[in-house]
Amino acid sequence: HLLGLGLKEISPSLNEIIGNLQKNREERNHQMFELLAQKFSELSWDELSEMFPDTILGRPHFARYLVAKNIVKQNQVAFDLFLAKGRECYVPRTGANLDEAIVAIRDSGGYPVIAHPMSLFVSWGKLPEVIADIYDRGVMGIEAFHPGARNSECFRLEELGRKLGFFITAASDFHGEKIRKDRKLGNTCGGRKIDEKLIPEMDELVAMLKTDN
């Protein structure tokens, strides 16, 4: 995943990419729902949509809906049984071209940041080469700290990122208390607070993101 931080003005190219991603996500959602509906006839797309009004749906919302319908007891069980990669109701996502997305973010006055690098599912032996290539292509920051990664992995990513020249960011991956109760806004891996103790240059980073290019 690629983040665009500090956007100043959305460029036409970024608008086009976002529009395509939204269209692809909507098509994927309908495909996953049809697979679920083949297994559970009581499911209703209208009911799902009404449960999450004015929201771009994703797999966490599907999981909550399955809990509400008493098909599973917990969100994670929905992923484990149906929605995780490789499960019978999973549909692969269609993303954007990395180079085009980098240019679109920078054309919008923003800073491209690679998100949760562990989700690249690349071995540690190959990860430095992969991350270095991402840096060379114009990505400026690396989200080294993420609640879905182990503490040791996060600090290792921080070390790698600094060595390559990235600025370091951290994430809560917070999507609302009802979506992931284990995620807390402002906290990252190991429950650590995202502050100057974790990222010493936090003030400088915030100032950079607020300053016009």
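Placed above this text is the structure.
These figures come from a predicted structure and were not determined experimentally. (Residues numbered from 1 in each chain as written. Predicted model: local features only at pLDDT ≥ 70, side-chain atom pairs only at ≥ 80, totals over all residues. Heavy atoms only, no water.)

1. So, the state of the cysteines
Turning to step 1, where the next piece is worked out: A full pass over the atoms with the stated rule returns zero disulfides.
Turning to step 2, where the next piece is worked out: The thiol of Cys189 is unpaired, and the distance to the nearest cysteine sulfur, on Cys154, comes to 3.5 Å.
Turning to step 3, where the next piece is worked out: A relative accessible area of 0% places Cys189 in the buried class. (Disulfide = S-S within 2.5 Å. Buried < 20%, exposed > 50% of the residue type's maximum accessible area, 1.4 Å probe, protein only.)

2. Structural notes on the pattern of salt bridges
Turning to step 1, where the next piece is worked out: For the structure shown, the criterion picks out eight salt bridges.
Turning to step 2, where the next piece is worked out: The shortest N-O distance in the salt bridge between Arg150 and Glu153 comes to 3.0 Å.
Turning to step 3, where the next piece is worked out: By relative accessible area, Glu153 is classed as buried at 13%.
Turning to step 4, where the next piece is worked out: Measuring nitrogen to oxygen at the nearest pair gives 2.7 Å for the salt bridge that ties Glu201 to Arg162. With Glu201 in the loop between β4 (167-170) and α8 (202-210) and Arg162 in helix α7 (residues 151-164), this residue pair connects regions lying 39 residues apart in the sequence.
Turning to step 5, where the next piece is worked out: Taking the relative accessible area as the measure of exposure, Glu201 reaches 23% and is therefore partly exposed.
Turning to step 6, where the next piece is worked out: Residue Arg162 is classed as partly exposed on the basis of its relative accessible area of 36%.
Turning to step 7, where the next piece is worked out: Via salt bridges that share partners, Asp99, Asp133 and Arg137 belong to a single interconnected network. (Salt bridge = Lys/Arg side-chain N within 4 Å of Asp/Glu carboxyl O. Helix = DSSP H or I, 4+ residues; strand = E, 2+ residues; numbered from the N terminus.)

3. Notes on the sheet that holds strand β1 (residues 2-5)
Turning to step 1, where the next piece is worked out: The mixed open sheet is built from four strands, whose spatial order is β1-β2-β3-β4. Here the strands that pair on one side only, and so sit at the sheet edges, are β1 and β4. Ignoring which end each strand starts from, the neighbouring axes of this sheet average 40° apart.
Turning to step 2, where the next piece is worked out: In the sheet, strand β2 (residues 111-114) pairs with strand β3 (residues 141-145) via two bridges, with the strands oriented parallel. (Pairing = 2+ DSSP bridges. Axes fitted to C-alpha atoms, helices over the stretch in contact; angles between N-to-C directions.)

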